[in-house]
Amino acid sequence: MATPVLDKVEKDSAASPYITVTFRIRRFNPELSDAAVWEDFQIEIDPKERVLDGLHKIKWDLDGTLTFRRSCAHGICGSDAMRINGKNRLACKTLIKDINPEKPITVEAIKGLTVMKDLVVDMEPFFQAYRDVMPFLVTKGNEPTRERLQSAEDRERFDDTTKCILCAACTSSCPVFWNDGQYFGPAAIVNAHRFIFDSRDEAGEQRLEILNDKDGVWRCRTTFNCTDACPRGIEVTKAIQEVKRALITRRF
């Protein structure tokens, strides 16, 4: 007769949530080759875990040379943006069970930025575009003696675009950005929007002039890729259209 302890062990074993999943990762190491190659890894993982957990298992248990960025692992820092099954996502917010684990899960670096190694890209052009749109409050006069007050209605005007975490998922999903490295890209425009429509800011005209450049807001083709890719749910395309409208109407 089986003991209660053995019964429990057998039941726990039979109810194991783990499944075998294949990760197909696009690897690139400039020290070894000029070409990228796909490499498969099979792991046992709970489908309720995240793609980031799978990448950790591969790096810690199978291949320590696998290179990718991650930090907070909670969808706040934006470090682990990558293409998962052909779509830009945050690996820390993408559950295994939500992307058909019965087929290989493809993971590759985001597009439009130079790949440095495996899933790591050179983010400097992205951050330079961000810096170029002056993503900070500009005011005149002396330092205030109290907080610059703002009504709830004025704050609501740009609330959506304050949510950007600079993950580059939107910018690197844009086909214009893929083919034109000079284009500011959706993320830079979103962060300009956040200050253009801030009632306390006094540099809206200057930012609009920057975005009126040939590589600015008019390069957008309204494909909605950026909105679909944003892990924070920002209506990126809407924000870009609002900046275009501001440029058209500012002289009237």
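Residues numbered from 1 in each chain as written. Predicted model: local features only at pLDDT ≥ 70, side-chain atom pairs only at ≥ 80, totals over all residues. Heavy atoms only, no water.

Participant: Any chance you could explain the pairing of strand S3 (residues 81–84) here in plain terms?
Facilitator: In the case of a regular strand, side chains alternate between the two sheet surfaces. Here S3 shows a buried face lined by Ala81 and Arg83 and a second buried face lined by Met82 and Ile84. With 4 bridges connecting them, S3 and strand S4 (residues 87–90) associate as antiparallel partners. Counterpart to Arg83 in the pairing with S4 is Asn88. The pairing of S3 with strand S5 (residues 105–108) spans 2 bridges and is antiparallel. Counted as the bridge partner of Arg83 is Glu108 from S5. (Buried < 20%, exposed > 50% of the residue type's maximum accessible area, 1.4 Å probe, protein only. Helix = DSSP H or I, 4+ residues; strand = E, 2+ residues; numbered from the N terminus. Pairing = 2+ DSSP bridges.)

Participant: Would you mind going over empty space enclosed by the protein with me for this structure?
Facilitator: Empty space among the atoms becomes apparent when a probe as large as a water molecule is rolled across them. Scanning the model with the defined rule gives 2 cavities of 30 Å³ or more in all. In this model, the largest cavity occupies a volume close to 100 Å³. Lining the largest cavity are 15 residues, with Cys164, Cys167, Cys170, Cys230 and Ile234 sitting closest to its centre. Of the residues assigned to the lining of the largest cavity, the class counts are 14 nonpolar, no polar and 1 charged. Of the pockets and cavities examined, the second largest cavity occupies roughly 90 Å³. Cys174, Cys220, Thr222, Thr223 and Cys226 are the residues nearest the centre of the second largest cavity, which is lined by 14 residues in total. (1 Å grid on protein atoms, 1.4 Å probe; cavity = no way out; pocket = protein on both sides within 12 Å on 5 of 7 lines; lining within 4 Å. Points joined across faces, edges and corners; volume = space filled by probe spheres on them. Nonpolar A, V, L, I, M, F, W, Y, C, P; charged D, E, K, R; others polar.)

Participant: Help me out: how do you make sense of the packing of aromatic side chains in this one?
Facilitator: Tallying each qualifying case throughout the model produces 1 aromatic pair. Pairing Phe126 with Phe127 gives two aromatic rings, centres 5.3 Å apart and planes at 70°, and the pair type is edge-to-face. Note that Lys111 overlies the ring of Trp178, its terminal NZ or CZ placed 3.7 Å from the centroid. Directly above the ring of Phe197 sits Arg157, whose terminal nitrogen or CZ lies 4.0 Å from the centroid. (Phe/Tyr/Trp six-rings, centres within 6.5 Å; stacked < 30°, edge-to-face > 60°. Lys NZ or Arg CZ within 6 Å of the ring centre and 35° of its normal.)

Participant: I would appreciate a short explanation of the environment of Ile210 in the present structure.
Facilitator: Note on placement: Ile210 falls in helix H7 (residues 204–211). Residue classification places Ile210 among the partly exposed positions, given a relative accessible area of 22%. Sequence-distant contacts of Ile210, that is, excluding residues within four places in its chain, are made with Asp132, Met134 and Phe184. (Contact = heavy atoms within 4.5 Å.)

Participant: Would you take a moment to explain the pattern of salt bridges for this structure?
Facilitator: Side-chain pairs of opposite charge can arise whenever the charged atoms involved come near each other. In this structure the tally under the stated criterion is 19 salt bridges. Two residues, Asp40 and Arg24, come together in a salt bridge whose shortest N-O distance is 2.8 Å. Of the two residues, Asp40 is situated in strand S2 (residues 37–45) and Arg24 in strand S1 (residues 19–27); the sequence distance between them amounts to 16 residues. Relative accessible area serves as the criterion here: at 31%, Arg24 is assigned to the partly exposed category. In this structure, the salt-bridge partner of Arg200 is Asp198, at a minimum N-O distance of 2.8 Å. On the basis of relative accessibility, which here comes to 3%, the residue Asp198 falls in the buried class. Ionic contacts of the salt-bridge type, sharing partners, join the residues Arg27, Glu39, Asp63 and Asp118 into one network. (Salt bridge = Lys/Arg side-chain N within 4 Å of Asp/Glu carboxyl O.)

Participant: I keep staring at helix H2 (residues 51–62) and nothing clicks. Help me out?
Facilitator: Every α-helix winds through 3.6 residues per turn, so residues three or four apart in the chain are directed the same way. The end-to-end C-alpha distance of H2, which contains 12 residues, comes to 16 Å, matching closely the 16 Å that a straight helix rising 1.5 Å per residue would cover. Among all positions in H2, only Val51, Leu52, Asp53, Gly54, Leu55, His56 and Ile58 are buried. Taken together, the buried residues of H2 touch S1, S2, S3 and S5. (Expected span 1.5 Å × (residues − 1).)

Participant: Honestly, the side chain of Glu242 in this entry has me stumped. Any pointers?
Facilitator: Its location among the elements puts Glu242 in helix H9 (residues 236–249). A relative accessible area of 15% places Glu242 in the buried class. Here Arg157 takes part through its side chain, which lies 3.3 Å from a polar atom of the side chain of Glu242. For Glu242, the residues in contact, after removing those within four places along its chain, are Arg157, His193 and Phe197. (Polar contact = N/O pair within 3.5 Å; in protein donor to acceptor, adjacent residues only side chain to side chain.)

Participant: Sorry if this is basic, but what is going on with the sheet that holds S3 here?
Facilitator: To summarise the sheet geometry, strands pair through backbone hydrogen bonds and adopt either a parallel or an antiparallel arrangement. Sheet architecture is open: 5 strands sit in the order S2-S1-S5-S3-S4, paired in mixed fashion. In this open sheet, the two strands that pair with only one neighbour each are S2 and S4. If you compare each strand with its neighbour and ignore which way they point, the axes differ by 35° on average. The strands that H2 touches are S1, S2, S3 and S5; relative to S2, the one it contacts most, it runs at about 100°. (Axes fitted to C-alpha atoms, helices over the stretch in contact; angles between N-to-C directions.)

Participant: Would you explain the packing of helix H6 (residues 186–196) against H7 in this entry?
Facilitator: A pair of packed helices is characterised by two quantities: the angle between their axes and the separation of those axes. Across the interface, H6 lies against H7 with an axial gap of 9 Å and an inter-helix angle of 155°. Relative to H7, the element H6 lies roughly antiparallel. The element H6 and its partner H7 pack so that their crossing is left-handed. Packed against H6, whose contacting residues are Ile189, Ala192, Phe195 and Ile196, the element H7 presents Gly204, Arg207, Leu208 and Leu211 at the interface. For the contact of H6 with H7, a count of residues per class yields 6 nonpolar, 1 polar and 1 charged. (Parallel < 35°, antiparallel > 145°, perpendicular 65-115°, else oblique. Left-handed = near helix turned anticlockwise from the far one by under 90°.)

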